[in-house]
Amino acid sequence: MEQYVIKGGNPLYGEVEIGGAKNAALAILAAAIMTDETVTIDNLPNVRDINVLLQAIQEIGAKVERVDVHKVKINGSFIREVSVDNEFIRKIRASYYLIGALLGKYRHAEVALPGGCDIGSRPIDLHIKGFRSMGATVEIEHGLVVAKTDRLVGTHIYLDKVSVGATINIMMAAAMAEGKTVIENAAKEPHVVDVANFLNSMGANIRGAGTDVIRIVGVEKLHKTEYSVIPDQIEAGTFMFAVAATGGDVLVKDVIPKHLEATTAKLLEVGCKVEEFDDAVRVISDGKLNHTQVTTLPYPGFPTDMQPQMAVLLGIAEGTSTVTESIFENRFKYVDELTRMGATIKVESNIAIITGVKKYSGARVNAPDLRAGAALVIAGLEADGITVVDDIYYIERGYEEFEKKLSKLGAQIEKVSDEKELQKFILKVS
Ligand code: EPZ
């Protein structure tokens, strides 16, 4: 089993390039099979979840040509079945986008119920409600979501809860439905806008993405396009918070600063300096942090995907802070691990009350999910001594070459695959 081993204490300096947004790319790859013409997608992050989805669309017959690690050409004209199920696809969340894509194009989809990080119950009732109101029958049969209809008809859908996944999924199916669909209380995340832009570049007619009302007029056919995925705001935020925790001065490049506003605001509150450029942000930190309060909210609020990283920062900030998680009910699973590193955190319902300590102390910890895993790495970068992070499989779902990018900034971190390599690293750094 691979692990990250970290010798903490080095401030981070230099420049880091941010890759394409995983959660936008996953939806875009699914949407790419909706045309029979060849679609070229660039700025794909080379991470595990993306590769699982690419393999799944290949298995149902789509032609996938990897131009390079970040660029792919997809042709959906060879698709011969609408049933998607394998042991890998069952583990990722974004498999649900294949329901919207296949239902839109073929009026029939059979897709394994989605898995993903264990951060709460994660129902897909809103997706199903949307497809049903467009005329599809949707049943769960033998672990598959089976959606089919003769006619997919545009409709008016109100989402009871703001959901990124349901908004995008309904938008995809509606892009090829008959007539007009209106999605109210839609999610406004940058990746919702990116998927709408992608579909529009294929000839869809989607207006209002980025606001809470999206209007879609269905078209009969979509066509080829070339598209580049937006930068990953969560990867960027993770590096920004790493600099804040360790101290240092880093230029985070290839980002859209507007998408990072909530993250930047919190960094300023805790006492860091942040400079914005056209496509980069510079974070300067002396490692001394102030306490603050944060609540996760749908965009443009503070992202739930940055919540564990925020808690790690506040764990070494002066005074008492609170972190309120309002999106997922089970996103504090890292607290026990962070406590092993010396943090003082008490969780009451969906609020973590954090009393800052001077420093973390290195320990052996498990990554409980993707973002929490990245957060534990940040704690390890700041900690006294050696930290070993197990289960980095989760981290690799969403961060490309995480340890290499951090090493380039001066961190002492390595990926090791056995005890011998681990001891070798410890000898090297001590
Ligand atoms: C997406 O998950 C992301 N995943 C998550 O990223 C991210 O944390 C989340 O959006 C919020 O930004 C992908 O894009 C693949 P939601 P999703 O639907 O679509 C409830 C990461 O670390 N809800 O916006 O599953 C739900 O329980 C991951 O990259 C319903 O009740 O999130 C939650 O409370 C983890 N019924 C809220 O809505 C539904 O049918 C928001 O969930 C759908 C959602």
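Residues numbered from 1 in each chain as written. Predicted model: local features only at pLDDT ≥ 70, side-chain atom pairs only at ≥ 80, totals over all residues. Heavy atoms only, no water.

S.K.: Go over the overall build of the protein, please, and point to the residues and values.
M.R.: If you tally the helices and strands in the protein, you get 14 helices and 24 strands. In summary, the protein has a C-alpha radius of gyration of 22 Å against a globular reference of 22 Å for 430 residues, a match within 12%. Seen through its C-alpha atoms, the protein measures out along the principal axes to roughly 65 × 45 × 40 Å. For the protein, the residues scored as buried account for 57% of the 430 residues in total. Of the contacts formed within the protein by residues at least 6 apart in sequence, a portion of 73% connects residues at least 24 apart. Surface accessibility of the protein: about 16800 Å² in total, with carbon and sulfur atoms responsible for 49%. Distance between charge centres in the protein, computed from 47 positive and 58 negative side chains, equals 1 Å. (Helix = DSSP H or I, 4+ residues; strand = E, 2+ residues; numbered from the N terminus. Rg over C-alpha atoms; globule rule 2.2 N^0.38 Å. Buried < 20%, exposed > 50% of the residue type's maximum accessible area, 1.4 Å probe, protein only. Contact = heavy atoms within 4.5 Å. Areas by Shrake-Rupley, 256 points an atom, 1.4 Å probe, with all protein chains shown as cover. Lys, Arg positive; Asp, Glu negative; His and termini not counted. Charge placed at Lys NZ, Arg CZ, Asp CG, Glu CD.)

S.K.: Any details on the packing of aromatic side chains? Residues and values, ideally.
M.R.: The full count for this structure, using the stated rule, is 7 aromatic pairs. When the ring of Phe 239 is compared with that of Phe 402, the centres are 5.7 Å apart and the planes differ by 80 degrees; the resulting orientation is edge-to-face. Taken together, the residues span a long stretch of sequence, with Phe 239 in helix 7 (residues 233-246) and Phe 402 in helix 13 (residues 402-408) at a distance of 163 residues. For the residue pair Phe 239 and Phe 402, the accessibility class agrees, reading buried in each case. (Phe/Tyr/Trp six-rings, centres within 6.5 Å; stacked < 30°, edge-to-face > 60°.)

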